[in-house]
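# Commentary on secondary and tertiary structure
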Amino acid sequence: MTFEAAYSGIGRLDRLSYRDTPVHRLDPRAKVVATMFFVVAVVSFPRYEVLSLLPFSLFPVLMAALGDIPAGFVAKRVVAVSPFAVFVGMFNPLFDTGTVAIGGVSVSAGWVSFASILVKFALTISAAILLIATTSFPGICRGLRGLGVPSLFVSQLLFLYRYLFVLMEEAIRVVRARDMRSFGRRGTGVRVFVRVVGTLFLRTVERAERIYGAMLARGFRGDMPSTRRERLRPSDALFLFASGAFFTLCRLVPVPETLGRFVGRLAG
């Protein structure tokens, strides 16, 4: 993936967060708490539980549908970072040589745990992407601040997000300048790459110092004030209650097995 493509993807994620949908209008604190509850519930399952994770997919599906977030956009981002999950679990089939019973069928325990890692990864990453796409990163930081997270930590997150765009813009300029001065395969060696990284570092440090000086001149004292005042509404409380009840139900009750037994009784 090129710098231009990565920058375009981050920019589109930021633009999606400013749409006007029922999910976007929810209080950031409610969405942050619900997403954290979702992540904790998903990762708390044992490593051989795969079918019990499937009902949790309803949460990101509904968030994407009600928030008007393209499913393909979310899927591409999940696939882009999936090599990390594959690397973590790729050796499970080699070292975990036991067997587990799934639906009365004996299956390799290593492959089951590997599938569990992939499913948990896909669910949690998609929920995080949808949280940003329906709240915006500054909105998430406001929600964290409203939940009592220290202002220093929230300010660091905001700076990280803001300087990510600065870094990407400087990287695009440096790479384009390198491409304009190279012909064919020239200018792509290790020495050139090291020089490009050094130039990028110096440029970003200098620009960061100018931005910080401008912030100090405007009265920055370590906190990022916001003129918006969030207020929990009945719709936010209903969202929190419904999502929490759903996650609790899916965590405590084996929903696929229960539905299977119910359908079997109806068929019998």
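Report follows, based on the coordinates.

What counts as what
Residues numbered from 1 in each chain as written. Predicted model: local features only at pLDDT ≥ 70, side-chain atom pairs only at ≥ 80, totals over all residues. Heavy atoms only, no water. Helix = DSSP H or I, 4+ residues; strand = E, 2+ residues; numbered from the N terminus. Buried < 20%, exposed > 50% of the residue type's maximum accessible area, 1.4 Å probe, protein only. Contact = heavy atoms within 4.5 Å. Areas by Shrake-Rupley, 256 points an atom, 1.4 Å probe, with all protein chains shown as cover. Salt bridge = Lys/Arg side-chain N within 4 Å of Asp/Glu carboxyl O. Phe/Tyr/Trp six-rings, centres within 6.5 Å; stacked < 30°, edge-to-face > 60°. Lys NZ or Arg CZ within 6 Å of the ring centre and 35° of its normal. Core = buried A, V, L, I, M, F, W, Y, C linked by side-chain atoms within 4.5 Å. Axes fitted to C-alpha atoms, helices over the stretch in contact; angles between N-to-C directions. Parallel < 35°, antiparallel > 145°, perpendicular 65-115°, else oblique. Expected span 1.5 Å × (residues − 1). Arc of directions from axis to C-beta.

## Structural notes on the overall build of the chain
Looking only at helices and strands, one finds 11 helices and 2 strands in the chain. For the chain, the succession of helices and strands along the chain, N to C, is α-α-α-α-α-β-β-α-α-α-α-α-α. Considering the chain as a whole, with its 268 residues, one finds that 35% of them fall into the buried category. Considering only contacts within the chain whose residues lie at least 6 apart along the sequence, 79% involve residues at least 24 apart. Total accessible area on the chain is roughly 16,700 Å²; 68% of this is exposed by carbon and sulfur atoms.

## As for the pattern of salt bridges
Counted according to the given criterion, the structure contains 4 salt bridges. Across the pair Asp236 and Arg233 runs a salt bridge whose closest N-O atoms are separated by 3.4 Å.

## Some details on the environment of Val23
With respect to the helices, strands and loops of the structure, Val23 is situated in the loop between α1 (3–16) and α2 (28–43). Note on Val23: relative accessible area 4%, which makes it buried. Note: C-alpha distance between Val23 and Gly67 (44 residues apart in sequence) is 5.2 Å. In contact with Val23, other than residues within four places in its own chain, are Lys31, Met63, Leu66, Gly67 and Thr134.

## A closer look at the packing of aromatic side chains
What the rule picks out here adds up to 10 aromatic pairs. Note on Phe45 and Phe56: the rings are 5.5 Å apart at their centroids and 80 degrees apart in plane angle, and the pair reads as edge-to-face. With a gap of 11 residues between them, Phe45 in the loop between α2 and α3 (58–66) and Phe56 in the loop between α2 and α3 connect regions that are remote in the sequence. No difference in accessibility class separates Phe45 from Phe56, as the two residues are buried. Members of the aromatic cluster, connected to one another through ring pairs, are Phe37, Phe38, Phe45, Phe56, Phe59, Phe246 and Phe247. Above the ring of Phe45, the side-chain terminus of Arg251 is found at 4.4 Å from the ring centroid.

## Concerning the nonpolar core
For soluble globular proteins, the rule of thumb is that nonpolar side chains tend to be buried together. Core analysis: the biggest nonpolar cluster contains 28 residues, and Phe38, Phe56, Ile69, Val74 and Phe239 have the highest contact counts within it. Taken together, the elements giving at least two residues each to this core come down to α1, α2, α3, α4 (71–89), α6 (109–135) and α10 (234–252). Phe38 has contacts with Phe56, Phe59, Pro60, Leu123, Thr124, Ala127 and Phe247, leaving out every residue within four places of it along the chain. Grouped together as the second largest cluster of nonpolar side chains are 11 residues, Cys141, Val149, Val154 and Phe165 included.

## Concerning the side chain of Ser126
Tracing the sequence through the fold places Ser126 in helix α6. When residues no more than four places from it in sequence are discounted, the contact partners of Ser126 are Pro60, Val74 and Val78.

## Overview of the packing of α3 against α10
Two measures define how a pair of helices packs: the angle their axes make with one another and the distance between the axes. Contact geometry of α3 with α10 gives a least axis separation of 11 Å together with a crossing angle of 150 degrees. Considering the angle they form, α3 stands roughly antiparallel to α10. Between α3, through Leu58, Phe59 and Met63, and α10, the contact on the second element is made entirely by Phe239, Ser243, Phe246 and Phe247.

## What to know about α2
Taking 1.5 Å as the rise per residue, α2 with 16 residues should run 22 Å; its terminal C-alpha atoms sit 23 Å apart, in good agreement. Here α2 has its buried residues at Pro28, Arg29, Ala30, Lys31, Val32, Ala34, Thr35, Phe38, Ala41 and Val42. In this fold, the buried residues of α2 make contact with α3, α6, α7 (137–146) and α10.

## Brief notes about α3
Taken as a whole, α3 has its buried residues at Phe59, Pro60, Met63 and Ala64. Projected down its long axis, α3 carries its buried residues within an arc of 125 degrees, all on one side. Away from its buried face by more than 90 degrees, α3 exposes Val61 and Ala65. In this structure, the buried residues of α3 make contact with α2, α6 and α10. Two residues or fewer past α3, Asp68 is found with a positive phi of approximately 55 degrees.

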